[in-house]
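Each chain, letter by letter, is given below.
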Amino acid sequence: MSAVAPADTRPLLFAPEDGALRPVFFLHIPKTAGSSNNQFLAQVYGAGQVQTHVENLLPALLAGDRDPLLHPCISGHVPLWAWRLYRGADAYACVTLLRDPWARLVSHINWVARYVGDARLPPGPGGQALARVASWIQETDFEEVGSLRRFMNAVKREPHFSSFDNYQVRMLRTGRMDAMDKRMEAADVDVARSELTQFLHVGFCEDQARFQEGLLTKLGAKTALPRRVRTNVARIRALEMGNTLAREVFAPWIEMDQALVGFALGRFGSG
């Protein structure tokens, strides 16, 4: 007699209904122009058919306080290791955007800087860490090597913040629940590379039109490309792209991401 598979007792979080287009999960890596592409996805799937920032709904979904989401397109800042744990997630093909690691880091540092004294900080330890990092950015002289190193060391010691440290690899690293906190190693890049090869579509922030065209082709969608819209543009410029001193000091924060993006460019071209 063959063994009977145990019933899946996890709460059902996602149950996309059959539709004209394949269900897609957009793994939104912060500061890779994901918000702009959420607007593109809304045009492709239709009004009300895309759930963005699903990370904000996960606590209620896991607690059973919300019905499963029926949207054919889900988007969010959800690490791949976590996404794979949710019941119903396997109904979605994965897509994502990558970005030049230095440009992403500069953008993220400038984005976090806006949270100095901001009342919109998220609750809990994560929000408190964000506030601390924002204050350190404000105190840092990004043209002085000692100040840069003090900033980097302070961020490294912050237990609830890893967003500057090879974050593209972290978002794609599976198999370890501490992927967002652990010290990054070459083996983590290997895992992230392997995961990317299983995605339906991988694109690059620097060529969003090609990403969108490629995704439309793979989905068999007839939607015309929308006019590109830039959203979430940082208004505070604590760090500039041309700051070579900061780039040298912060090199450990992007070296794994550089290996991953280099692989992706070779494997998927520029979109």
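See the structure above.
Attention here is on the structure that accompanies the text. The structure displayed is predicted, hence computed values, not measured ones. (Residues numbered from 1 in each chain as written. Predicted model: local features only at pLDDT ≥ 70, side-chain atom pairs only at ≥ 80, totals over all residues. Heavy atoms only, no water.)

Attention now moves to unusual backbone geometry. At His 53, a residue that is not glycine, the phi angle is positive and equals roughly 45°. Mapped onto the elements of the fold, His 53 is located in the loop between strand 2 (50–51) and helix 2 (58–62). Relative accessible area serves as the criterion here: at 28%, His 53 is assigned to the partly exposed category. With a phi angle near 45°, Asn 166 is a residue other than glycine that sits in the positive phi range. You can see Asn 166 is positioned in the loop between helix 6 (145–157) and helix 7 (167–172). Asn 166 gets classed as buried once you look at its relative accessible area, which sits at 1%. (Helix = DSSP H or I, 4+ residues; strand = E, 2+ residues; numbered from the N terminus. Buried < 20%, exposed > 50% of the residue type's maximum accessible area, 1.4 Å probe, protein only.)

When you line up the elements, Met 184 lands in the loop between helix 7 and helix 8 (186–196). Considered as a pair, Met 184 and Arg 173 are eleven residues apart in the sequence and their alpha carbons are 9.9 Å apart.

On to the packing of aromatic side chains. Counted according to the given criterion, the structure contains twelve aromatic pairs. Ring centres of Phe 161 and Phe 164 lie 4.8 Å apart, and the angle between their planes is 80°; on these two criteria the pair is classed as edge-to-face. Comparing Phe 161 with Phe 164, the two get one shared label, buried. Every member of this aromatic cluster is reached through a ring pair, and the members are Phe 142, Phe 151, Phe 161, Phe 164, Phe 250 and Trp 253. The ring of Trp 111 carries Lys 31 above its face, with NZ or CZ at 4.2 Å from the centroid. Across the ring face of Tyr 115, the terminal group of Arg 114 is positioned such that the distance to the ring centre comes to 5.1 Å. (Phe/Tyr/Trp six-rings, centres within 6.5 Å; stacked < 30°, edge-to-face > 60°. Lys NZ or Arg CZ within 6 Å of the ring centre and 35° of its normal.)

Burial along strand 3 (residues 73–76) is two-sided: the residues Cys 73 and Ser 75 and Ile 74 and Gly 76 are all buried. Both strand 1 (residues 24–27) and strand 3 contribute to a ladder of four bridges, which runs parallel. When the bridges of strand 3 are listed, Val 24 appears paired with Cys 73. Pairing geometry for strand 2 and strand 3, over two bridges, is parallel. Bridge pairing in strand 3 places Val 50 opposite Cys 73. (Pairing = 2+ DSSP bridges.)

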